[in-house]
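Per-entry structural report
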Amino acid sequence: QVHLEESGGGLSQAGESLRLSCVASGRAFNDYPVGWFRQSPGMEREFVAAVSGGGGQSWYSDSGKGRFTVFRDNARNTVYLQMTSLKPEDTGVYYCAERGPIGTVTDPKAIAVWGQGTQVTVSS
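Attention here is on the structure that accompanies the text. Remember, it's a predicted structure, so these values are computed and weren't measured experimentally.

Here the phi dihedral of asparagine 77 falls at roughly 55°; this positive angle occurs in a residue that is not glycine. By the secondary structure assignment, asparagine 77 is in the loop between β7 (68-73) and β8 (78-83). Under the relative-accessibility criterion, asparagine 77 is labelled partly exposed at 22%. Phi at serine 85 is positive, roughly 45°, even though this residue is not glycine. Residue placement: serine 85 occurs in the loop between β8 and β9 (92-99). Residue classification places serine 85 among the partly exposed residues on the basis of a relative accessible area of 39%.

Structural data, given as structure tokens:
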């Protein structure tokens, strides 16, 4: 079983940038797509961005398109989420997640492994 650990969250002001990292341990990390999800207080966990196993394809939510970039370095067992032009509505706990053998990485139900999350807070 792979273990995922996120880092890089913190407090930012609107317009600033943050880079989140997700480091995997336990086995090879390039078999399945990896996604980033966000959960804000009182809200359900929602898809933000994802990258394919080999890194050649990526997907974004409407809120992340044009501002966020997801990429991976499989040699370092790490997936990144570069966030720019941050907005207060980007605030939440960000989770790294590996999709299981079937399903769509944008669907939380298809996720097999979740990280513990990292808090991102954006002030106006």
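Summed over all chains, the structure comprises one disulfide. With a sulfur-sulfur separation of 2.0 Å, cysteine 22 is cross-linked through a disulfide to cysteine 96. Judged by the sign of its S-S torsion, about -70°, the cystine formed by cysteine 22 and cysteine 96 is left-handed. Note that cysteine 22 is positioned in strand β3 (residues 18-25) and cysteine 96 in strand β9, a separation of 74 residues in sequence. Note on accessibility: cysteine 22 and cysteine 96 belong to one class, buried.

With that out of the way, let us pick up the side chain of glutamate 6. Looking at the element boundaries, glutamate 6 is found in strand β1 (residues 3-7). Buried charge without a salt bridge: glutamate 6, with arginine 45 as the nearest opposite-charge side chain at an N-O distance of 7.5 Å. A polar side-chain atom of glutamate 6 sits 2.7 Å from the main-chain amide nitrogen of cysteine 96. A polar contact is formed between the side chain of glutamate 6 and the backbone nitrogen of glycine 117, at a distance of 2.9 Å. Sequence-distant contacts of glutamate 6, defined by excluding residues within four places in its chain, comprise Ser21, Cys22, Trp36, Tyr94, Tyr95, Cys96, Gly115, Gln116, Gly117 and Thr118.

With that out of the way, let us pick up the environment of phenylalanine 37. On the secondary structure map, phenylalanine 37 appears in strand β4 (residues 34-39). On a C-alpha basis, the gap between phenylalanine 37 and alanine 24 in space is 16 Å, while along the polypeptide they are 13 residues apart.

Thresholds, definitions, all that
- Residues numbered from 1 in each chain as written.
- Predicted model: local features only at pLDDT ≥ 70, side-chain atom pairs only at ≥ 80, totals over all residues.
- Heavy atoms only, no water.
- Helix = DSSP H or I, 4+ residues; strand = E, 2+ residues; numbered from the N terminus.
- Buried < 20%, exposed > 50% of the residue type's maximum accessible area, 1.4 Å probe, protein only.
- Disulfide = S-S within 2.5 Å.
- Lys, Arg positive; Asp, Glu negative; His and termini not counted.
- Salt bridge = Lys/Arg side-chain N within 4 Å of Asp/Glu carboxyl O.
- Polar contact = N/O pair within 3.5 Å; in protein donor to acceptor, adjacent residues only side chain to side chain.
- Contact = heavy atoms within 4.5 Å.

Read these as spatial facts, not as claims about activity.
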